[in-house]
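Architecture at a glance
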Amino acid sequence: MATKQKKPAEFTELPVLPVRDTVLFPNAILPLTVGRESSLRLVNELKEEERFIAVVSQRDPRVDNPQAVDLYQIGTAAYIHKIIKLPNQSLFVFVEGLQRLALLEVIQQEPYLRARVKQLADTIPTEKTSDFEALVRSVTSIFQQVVQLSPTLSDDLQTVVMNIDDPSRLSDFIAANLPSLSSTEKQELLESLDLKGRLERLTRILARELEVLQLRSKIQSDVQDQVTQSQREYYLREQMKAIQKELGESDEQQEIEELRKKIEAAGMSEEARKEALRELSRLAKMSPAAADYHVTRTYLDWLVVLPWTKVSDARVDLRKAKEVLDADHYDLEKVKERILDYLAVLQLKPQLKGPILCFVGPPGVGKTSLGKSIARALDRKFVRMSLGGIHDEAEIRGHRRTYIGALPGQIIQGIRRAETRDPIFMLDEVDKIGRDFRGDPSSALLEVLDPEQNAHFRDNYLDVQFDLSKVLFICTANVLDTVPPPLLDRMEVLELQGYTEEEKIEIAFQHLIPKQTEEHGIKSPEQIEFTRDALRDVIRHYTREAGCRNVEREIATVCRKQARKIAEGSTERLVVTPDNLRDFLGIPRFRLETELVERTRQPGVAVGLAWTPTGGDVLFVEANVMKGGKGFTMTGHVGQVMQESMQAALAWVRAHAADYGIDADFFQSSDIHIHVPAGAIPKDGPSAGVTMVTALLSALTHRPLRERVAMTGEITLSGQVLPVGGIKEKVLAAKRAGVREIFLPADNEPNVQEDLGAEMLEGLELHYVKTIREVAELALEKNPVPVEAREPAREVAFAHTPDAPAN
């Protein structure tokens, strides 16, 4: 095939084959895989006697469809010797470089590149001086040494290079066969037409490669005597040691001395210092190849890095702390007062131990963010650890050092991250800790959260005492039912109850709207403004929660809509009002007031109040009486306690049937069914007792419940109404649902006076009752519904259902 090749002077235009990360030199044969559609078209259209192409490298190999600007200007004229078709439709071609060339002008873009080219000749010195001859011999000699030391180059290359007389061909041959050259360096050598300059550059590259290979050979020879097949890890460590020695890094003895200085300067307790020095003595006698070397070294690193004596140097400033707490959170007066009380005592007695606080409340009321705010008010570091889903007690106390990959527990790791021994340490979701065969993390927390014990906390990994008494631990929980009593006994519980409608509006104006407008790149009030009525509609008809998370999401939705309009070029200022709110948020999701009225039109339906982990909620109880005999059915996924409340309610109604004009033997000829809707949701607790009695009386006397009335309270067989919990959440839920009158146990009146302000009770009439008779007398209509007006209550779609009513 070589006999068919043209002479270099005949090339004036050629098809261009772009290649990635590859440079073809003249007189070199190179295998190439051709897979691009344009390149395949180029190769397939070449005639048998005209297999000449221009091979040019891409500037950026990531470009899949290169144009003229993506290619280097200098390439190589080449001849395709052989074409092999591969199973994946690509081609495997062998090309031989013929001559350097320059791309003058691209004359064809599709289906492949074709360009006018100009052949380039090397600039060779007219007279071969002794300097030039020495340069050629130096290149040849260094390359031969590289071949001898390189494990990847064939020894035959030494013979081949000795037989090349042409300096230009010699430089191209070496450049093509040197594996350490990058594509950029190869391209620079290809573009170098000055032969002497090319040889000088090649000499520098070869000298650098030779130095690297000699150093590698020296490192291998230093460790070769100690290597066996079964000591691979030992070999690698010795190789690293030889590398460090060549780099002039510090030896092991210097490291031991540095560790000793760090131990002395760390301010450890006497026990920890003795243990650290003992381990350091063991480390000094170990070989770096020993299995325990890195275990001991890691242990010492942990000991010296802990803040044994370092504390925050910020002074207590009550005024600043109050300003920070008020700026970050609206309301929450009880919690703020407790924090300020702690700071006042700390100012008088700096050695005060940190309290163990537990914030309990529904999601979205600001428990976690309050911890961050406290840290900012105290000028202390803040560390947060989520306990949700933790099953292994080693997460708290750490693993013993006998285990591979052992580490201290999250408590010690958090102290290390804080770099002080008195940070604000938040243990989030303490009510969601799990337990299994690996241990009980809540039991491991008993020592951490006991002010009398945590001054001597002993992590399994450190195995020395560490003082946690200066740490201010703050736990958060949604409910306390799942927190073990011994753990709960160690914490001071502060309840964060749900927000009222007006409180949410103020929080939105002070915190949520500024935050969301800033995050969405909108200026308020220049580009967007929320009216109070619009926010009130958002809270009433688009959210139902004790906190503010969903309110913030709905505000963010409106901000995104306005941001999109601004991005599309609109300059109109948006004022969000109740009239245009539906354009942004869609139809209202909750229709509390209409639902309350429609559900209670027919007899047998009463409205109760329930406490849930997400706040309060209204609870409908339906009773129906039908012909039968002594049948009593209870449905609605109710728990054991609620079933017993239903039985107690029926017993009281049967005992006092005559007082309400009901046949005393009605149960002998009737079946009674009590249903609590939303049957898929578990419900339990005794606080719906008065609601069940009222529903039964309503069904048996055909007297419907008065409009917009709700109630809560536990009952006894003697007709007493007992106090229940969650009064604030229940009252707020009733107000959100449009209730106007609420019946509460008389013993809960102090809770109302303490937790509910006048603005929260605005528009509500509260009745404090001691007996069931008082509820029946005031809650039911005076006259029964006429027979012709009685019909089954219409099913109304639930806007929301309670999760799990409790006391």
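Definitions and limits used
Residues numbered from 1 in each chain as written. Predicted model: local features only at pLDDT ≥ 70, side-chain atom pairs only at ≥ 80, totals over all residues. Heavy atoms only, no water. pLDDT = per-residue confidence, 0-100. Helix = DSSP H or I, 4+ residues; strand = E, 2+ residues; numbered from the N terminus. Core = buried A, V, L, I, M, F, W, Y, C linked by side-chain atoms within 4.5 Å. Buried < 20%, exposed > 50% of the residue type's maximum accessible area, 1.4 Å probe, protein only. Contact = heavy atoms within 4.5 Å. Phe/Tyr/Trp six-rings, centres within 6.5 Å; stacked < 30°, edge-to-face > 60°. Lys NZ or Arg CZ within 6 Å of the ring centre and 35° of its normal. Pairing = 2+ DSSP bridges. Axes fitted to C-alpha atoms, helices over the stretch in contact; angles between N-to-C directions. Arc of directions from axis to C-beta. Parallel < 35°, antiparallel > 145°, perpendicular 65-115°, else oblique. Left-handed = near helix turned anticlockwise from the far one by under 90°. Nonpolar A, V, L, I, M, F, W, Y, C, P; charged D, E, K, R; others polar. Salt bridge = Lys/Arg side-chain N within 4 Å of Asp/Glu carboxyl O.

Taken over all residues, the pLDDT of the chain has a mean of 84, while the share at 70 or more is 92%. At the level of individual helices and strands, the chain shows its lowest average pLDDT in helix H22 (residues 592-599), which scores 68, and its highest in strand S22 (residues 721-722), which scores 94.

One finds Val653, Phe666, Val693, Leu696, Leu697, Met711 and Ile742 to be the most contacted residues of the largest nonpolar core, which totals 63 residues. Ranked by residue count, the leading element in this core is helix H24 (residues 689-701), at eight residues. Beyond its immediate stretch of four places on either side in the chain, phenylalanine 666 contacts Val653, Arg654, Ala657, Ile672 and Leu700. Core analysis: the next-biggest nonpolar cluster, separate from the first, contains 52 residues, Ile256, Ala266, Ile356 and Val471 among them.

This part covers the packing of aromatic side chains. Counted according to the given criterion, the structure contains seven aromatic pairs. Between phenylalanine 52 and tyrosine 79 the ring centres are 4.9 Å apart and the planes differ by 55°, which places this aromatic pair in the tilted class. With phenylalanine 52 in strand S3 (residues 52-57) and tyrosine 79 in strand S4 (residues 74-85), this pair connects stretches of sequence that are 27 residues apart. By relative accessible area, phenylalanine 52 is classed as buried at 3%. Between the NZ or CZ atom of arginine 401 and the centre of the ring of tyrosine 299, over which it lies, the distance is 3.7 Å. Sitting above the plane of the tryptophan 302 ring, arginine 416 keeps its charged end 4.3 Å from the centroid.

Strand order in this open sheet of five strands is S8-S9-S12-S7-S13, and the pairing throughout is parallel. On the outer flanks of this sheet lie strand S8 (382-386) and strand S13 (492-495), each paired with one strand and no other. Direction aside, neighbouring strands of the sheet carry axes that sit 20° apart on average. Alignment of S8 against strand S9 (residues 424-428), held across five bridges, turns out to be parallel.

This part takes up helix H1 (residues 37-44). Every α-helical turn comprises 3.6 residues, leaving residues that sit three or four positions apart pointing alike. Considered for burial, the residues of H1 that qualify are Ser39, Leu40, Leu42 and Val43. Along the axis of H1, the buried positions cluster into a sector of 160°, meaning they face one direction only. Pointing more than 90 degrees away from the buried face of H1 are the exposed residues Glu37 and Asn44. On its buried side, H1 packs onto strand S1 (13-19), strand S2 (29-34), S3, S4 and strand S5 (91-108).

When two helices pack together, their arrangement is given by the angle between the helix axes and by the axis-to-axis distance. One way to put it is that helix H12 (residues 333-348) packs onto helix H13 (residues 367-378) with a least axis distance of 12 Å and a crossing angle of 30°. One finds that H12 runs roughly parallel with respect to H13. Every pair of crossing elements has a handedness; the one defined by H12 and H13 is right-handed. Along the contact surface, H12 presents Val335, Ile339, Tyr342 and Leu343, while H13 presents Leu370, Ile374 and Leu378. Tallied by class, residues from the contact of H12 with H13 come to seven nonpolar, no polar and no charged.

Taken as a whole and judged by the stated rule, the model has 48 salt bridges. Arginine 198 is paired through a salt bridge with aspartate 172; the nearest N and O atoms lie 3.2 Å apart. Of this pair, arginine 198 sits in helix H6 (residues 195-223) while aspartate 172 is found in helix H4 (residues 167-177), placing the two residues 26 residues apart along the sequence. Here arginine 198 falls in the buried class, since its relative accessible area comes to 1%.

Attention now moves to the pairing of S3. The buried fraction of S3 is high, at six of six residues. Residues Phe52, Ala54 and Val56 line one face of S3 and the alternating positions Ile53, Val55 and Ser57 line the opposite face, and both faces are buried. Relative to S3, S1 runs parallel, the two sharing four bridges. Paired with valine 16 across the two strands is alanine 54, which belongs to S3. Pairing analysis gives four bridges linking S3 to S4, with the strands arranged antiparallel.

A few words on the packing of helix H18 (residues 501-519) against helix H19 (residues 532-541). Viewed as axis vectors pointing N to C, H18 and H19 meet at an angle of 115°, and their least axial separation amounts to 10 Å. Accordingly, the angle class assigned to the pair H18 and H19 is roughly perpendicular. Judged by the sense of rotation from one axis to the other, the crossing of H18 with H19 is right-handed. Contacts between H18 and H19 involve Glu501, Glu502, Lys504, Ile505, Glu506, Ala508, Phe509 and Ile513 from the first element and Arg532, Leu535, Arg536, Ile539 and Arg540 from the second. A per-class count over the contact of H18 with H19 returns six nonpolar, no polar and seven charged.

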